[in-house]
Amino acid sequence: MNILVTGSKGQLATCIKDIETYSNDKNLHFIYKNSKELNILDANTIETFFNNNDIDYCINCAAYTAVDKAESNTESAININEIGVKNLAKACSEKQITLIHVSTDFVFDGSKSTPYTEEDKTNPIGVYGSSKLKGEQQVMKQLSNYFIIRTSWLYSEHGNNFLKSMIKLSKEKNELRVVVDQVGTPTYAKDLAKTIIKIIENNNQDYGIYNYSNQGVASWYDFAKAIFEENDTIIDLYPIKSEAYKTPARRPHYSVLDKTKIERVLNIKIPYWRDSLKKALINVNNKIN
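These notes cover the structure that comes with them. In this text the structure is predicted, and so the values were computed from the model without any measurement.

Conventions used here
- Residues numbered from 1 in each chain as written.
- Predicted model: local features only at pLDDT ≥ 70, side-chain atom pairs only at ≥ 80, totals over all residues.
- Heavy atoms only, no water.
- Pairing = 2+ DSSP bridges.
- Helix = DSSP H or I, 4+ residues; strand = E, 2+ residues; numbered from the N terminus.
- Axes fitted to C-alpha atoms, helices over the stretch in contact; angles between N-to-C directions.
- Contact = heavy atoms within 4.5 Å.
- Polar contact = N/O pair within 3.5 Å; in protein donor to acceptor, adjacent residues only side chain to side chain.
- Buried < 20%, exposed > 50% of the residue type's maximum accessible area, 1.4 Å probe, protein only.
- Parallel < 35°, antiparallel > 145°, perpendicular 65-115°, else oblique.
- Left-handed = near helix turned anticlockwise from the far one by under 90°.
- Nonpolar A, V, L, I, M, F, W, Y, C, P; charged D, E, K, R; others polar.

Across the sheet, which stays open at both edges, the six strands sit in the order 2-1-3-4-5-10 with parallel pairing between neighbours. Each of the sheet's edge strands pairs with one partner strand only, and the pair in question is strand 2 (29–33) and strand 10 (208–211). Between one strand axis and the next, the sheet turns by 20 degrees as a mean value, whatever way the strands run. As judged from the four bridges shared by strand 3 (residues 57–60) and strand 4 (residues 98–104), these two strands associate in the parallel manner. In the sheet register, Asn60 faces strand 4, and the bridge partner there is His101. Contacting strand 4, strand 5 (146–151) and strand 10, helix 5 (residues 127–142) crosses the sheet at an angle of about 160 degrees to strand 4.

Written as structure tokens, this is what we have:
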């Protein structure tokens, strides 16, 4: 079984590569492509690639994820998160390839106070969330054999993310101020990678939209505090409101995702976010050392 993974330089694709390296299922053959090797904005390039390769699944990890920059680079965000996804989805439809597309909690406006389900109304409040929602809509329009996985607050030992930023800043500063009124759930990218691979291994055909994050609830302040506690880092940490930390893009104040559906369909137990953080920190520190 051949599996194309786009956006191969990103942290999620790198985590998929880590997981599949140690997988016992040697029937899965992963093909990793970055934007230079497979430009999803070029429909002809995608068509040629699919014509020349027998692909069963496409995991789309390619995305424009710079939330603040998206506010001024709207065209780039829409091109990658909507048009590129449309090209992939159309090609997958023509070749009867199952598409696993990674989306975001930013498709919601954060006005709820209870976890978002897959059926809740979407209402993005920024360019990034809007472009990702348009990508979802293209997937649903172009084909029926798809999995759209909405996730939140991804981090790992790879790439650029909040965990690595906090560790870096703690070595440069004696005190930090972190937003306390944006609430969601940190998600270890390796946990998501394992879930995506399980969909493929099980040949699951319960297509549709799914939520996936780690379990539990945290603010960015809670996340930072846990990082420093688990890493035995001594630093003065202060909670601040969003108004005190202005950014070009607005963020949802509440974006906790309800994972009941994916746990039931895949028969999985999702780890608590702080337990996964401990594992991630071991891997981060091993890389540093």
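Turning to the environment of Gln215, a few remarks are in order. Relative to the helices and strands, Gln215 is located in the loop between strand 10 and strand 11 (218–219). The sequence separation of Gln215 and Ser276 amounts to 61 residues, and the corresponding C-alpha distance is 9.7 Å. At 3.4 Å, the side chain of Gln215 and the side chain of Glu263 are in polar contact.

This part covers the pairing of strand 1 (residues 2–6). Strand residues, when the strand is regular, have side chains that alternate between the two faces of the sheet. Among the five residues of strand 1, four are classified as buried, and the element is accordingly described as predominantly covered. As paired strands, strand 1 and strand 3 are joined by four bridges and run parallel to one another. What sits directly across from Leu4, in strand 3, is Cys58.

What follows is about the packing of helix 6 (residues 162–172) against helix 8 (residues 220–230). Two elements in contact, helix 6 and helix 8, have axes whose closest approach is 10 Å; the angle formed by their N-to-C orientations is 60 degrees. On the basis of their axis angle, the class for helix 6 and helix 8 is oblique. Here helix 6 runs over helix 8; the crossing is right-handed. Side by side, helix 6 and helix 8 meet where Phe162, Leu163, Met166, Ile167 and Ser170 of the first sit next to Trp220, Phe223, Ala224, Ile227 and Phe228 of the second. Taken together, the residues that form the contact of helix 6 with helix 8 break down as nine nonpolar, one polar and no charged.

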